[in-house]
Amino acid sequence: MSEIDLTSFASQNVIVTGAASGIGKAAAELIAARGAQVICLDLNLAGAQATVKAITSAGGRAIAKGLDISNQDAVNACVAEILNEFGQVHALANSAGIAGPTSTNTEDINWEDFAKTLQINLFGSIWITQALLPSMRQNKYGRIVHLASIAGKEGNPGMSPYNTSKSGLIGYVKGVAKEVATQGITINAVAPAVIRTPINETVTPEIQKYMVSRIPIGRLGEPSEVAEIIAFAASKACSFTTGFTFDVSGGRATY
Ligand SMILES: NC(=O)c1ccc[n+]([C@@H]2O[C@H](COP(=O)([O-])OP(=O)(O)OC[C@H]3O[C@@H](n4cnc5c(N)ncnc54)[C@H](O)[C@@H]3O)[C@@H](O)[C@H]2O)c1
């Protein structure tokens, strides 16, 4: 790749969470194909190892580590271990997440299920950002990309924990972006509409039909289509866009 190709990840170390499946897997594979050493993190270690195998078989570089992003101590220990091993993390693509309760009115959701969704999708995202920012500040370089959702902008009925976690993330990147704006660090979110991945297995066909009906392009998105936006936002090329939420919504997003 030429030196002026700012989408290249040559000589970069990139963490991808949720790398065992769906969007995270597609992002890990694309970012590795563009030259990064990818650190694949997931609760599902065997799945992350399978992603590593796919990357290395294609000639790329990747390693896998197990991580429960909803455990703050585990997040801190994992990031410290990675920084110790690789010296620098240039970018984070944070795709770990769950759908949480679906087809349930908010008053019928028990708090344990509500809190679990927030703890994984929102708190986990905050904790891994907090763990990485000090070294990114030291290096005066960093790219952070969090997977939010169109649900965080518009709200899907029956999914109040998920909607809350994703709109929280959109607000989080807006403010943090301003804290690090002069430090060579950008932090953005990506808001997909419904994408063809296993996360939607828990969503009823009725809700899926509702979600697709709101998409002007009229179909599910593919993980590879989201991975392209993640790879851009995680690259050097994304140097003047921060605090932003990129839509990958087939035209659904109206703001
Ligand atoms: N697929 C969609 O329609 C869609 C739409 C909008 C946003 N998103 C978001 O994109 C991200 C990726 O979703 P996906 O569709 O690829 O889902 P997926 O279920 O295919 O992948 C999610 C991955 O996150 C991992 N994970 C779950 N809990 C974890 C934890 N506690 N610690 C570490 N890893 C954990 C899972 O093991 C899995 O590998 C999620 O944040 C999701 O909310 C997805």
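Note that the coordinates shown come from a computational prediction; the quantities given were computed from them, not determined experimentally.

The rules behind the values
Residues numbered from 1 in each chain as written. Predicted model: local features only at pLDDT ≥ 70, side-chain atom pairs only at ≥ 80, totals over all residues. Heavy atoms only, no water. Helix = DSSP H or I, 4+ residues; strand = E, 2+ residues; numbered from the N terminus. Rg over C-alpha atoms; globule rule 2.2 N^0.38 Å. Contact = heavy atoms within 4.5 Å. Near = heavy atom within 4 Å. Polar contact = N/O pair within 3.5 Å; in protein donor to acceptor, adjacent residues only side chain to side chain. Areas by Shrake-Rupley, 256 points an atom, 1.4 Å probe, with all protein chains shown as cover. Nonpolar A, V, L, I, M, F, W, Y, C, P; charged D, E, K, R; others polar. Axes fitted to C-alpha atoms, helices over the stretch in contact; angles between N-to-C directions. Parallel < 35°, antiparallel > 145°, perpendicular 65-115°, else oblique. Left-handed = near helix turned anticlockwise from the far one by under 90°. Buried < 20%, exposed > 50% of the residue type's maximum accessible area, 1.4 Å probe, protein only. Salt bridge = Lys/Arg side-chain N within 4 Å of Asp/Glu carboxyl O. Pairing = 2+ DSSP bridges. Right-handed = clockwise from strand over helix to strand, strands pointing away.

### Side note on the overall build of the protein chain
Within the protein chain, the secondary structure is distributed over eight helices and seven strands. Taking 255 residues into account, the globule formula puts the C-alpha radius of gyration at 18 Å, and the protein chain, at 17 Å, falls close to it. Dimensions of the protein chain along its principal axes, counting C-alpha atoms only, are 50 × 40 × 40 Å. Considering only contacts in the protein chain between residues 6 or more positions apart, those separated by 24 or more positions represent 72%.

### Re the site of the ligand
Residues in contact with the ligand amount to 29 residues; listed here are only the nearest, Ser21, Ile23, Asp42, Tyr162 and Thr197. Contacts to the ligand include Ser21, whose side-chain N or O atom sits 2.6 Å from an oxygen atom. Between the ligand and Ile69 there is a distance of 2.9 Å, counted from a nitrogen atom to a backbone nitrogen or oxygen. Burial of the ligand by the protein amounts to 92% of the accessible area it has alone, namely 830 Å². Going through the elements one at a time, α1 (22–33) and α6 (160–180) are the ones with two or more residues in the shell around the ligand. Split into classes, the residues belonging to the shell around the ligand amount to 17 nonpolar, nine polar and three charged.

### Side note on the packing of α1 against helix α2 (residues 45–57)
With their axes 10 Å apart at the nearest point, α1 and α2 run at an angle of 30° to one another. If you check the angle between α1 and α2, you find them roughly parallel. Seen along the crossing, α1 lies across α2 with a hand that is right-handed. Across from Lys25, Ala28, Glu29 and Ala32 in α1, the residues of α2 making contact are Thr51, Ala54 and Ile55. A class-by-class count of the residues in the contact of α1 with α2 yields four nonpolar, one polar and two charged.

### Concerning the environment of Gly168
Among the structural elements, Gly168 can be located in helix α6. Under the relative-accessibility criterion, Gly168 is labelled partly exposed at 27%.

### Observations concerning the environment of Asn200
Considering the arrangement of structural elements, one finds Asn200 in the loop between β6 (185–192) and α7 (205–213). Owing to a relative accessible area of 12%, Asn200 belongs among the buried residues under this scheme. Separated by 102 residues in sequence, Asn200 and Ile98 have C-alpha atoms that sit 9.5 Å apart. Excluding residues within four positions of it along the chain, Asn200 makes contact with Val194, Ile195, Gln208 and Met211. Only 2.6 Å separates the side chain of Asn200 from the backbone oxygen of Ile195, close enough to count as a polar contact.

### A closer look at the pattern of salt bridges
A full pass over the atoms with the stated rule returns nine salt bridges. Here Glu228 makes a salt bridge to Arg34, at a shortest N to O gap of 2.9 Å. Residue Glu228 is located in helix α8 (residues 223–233), and its partner Arg34 is located in the loop between α1 and β2 (37–42); the two are separated by 194 residues in the primary sequence. Note that Arg252 and Glu154 form a salt bridge whose closest N and O atoms lie 3.0 Å from each other. One end of the pair, Arg252, is in the segment after β7 (245–248); the other, Glu154, is in helix α5 (residues 151–154), with 98 residues separating them in the sequence.

### A closer look at the environment of Thr245
Position of Thr245 among the secondary structure elements: in strand β7. On a C-alpha basis, the gap between Thr245 and Ala50 in space is 30 Å, while along the polypeptide they are 195 residues apart. Not counting residues up to four positions away in its chain, the partners in contact with Thr245 are Lys153, Ile170, Ala189, Val190 and Ala191.

### Focus: the pairing of strand β1 (residues 13–17)
Judged by how many residues are buried, β1 sits mostly within the fold: five of five residues are covered. Because side chains alternate across β1, one face comprises the buried residues Asn13, Ile15 and Thr17, and the other comprises Val14 and Val16, equally buried. Alignment of β1 against β2, held across five bridges, turns out to be parallel. Within β2, the residue paired with Asn13 across the bridge is Gln37. Read as a crossover between parallel neighbours, the route from β1 over α1 to β2 is right-handed. Sheet analysis places β1 next to strand β4 (residues 91–94), joined by four bridges and oriented parallel. Directly across from Thr17, in β4, lies its bridge partner Asn94.

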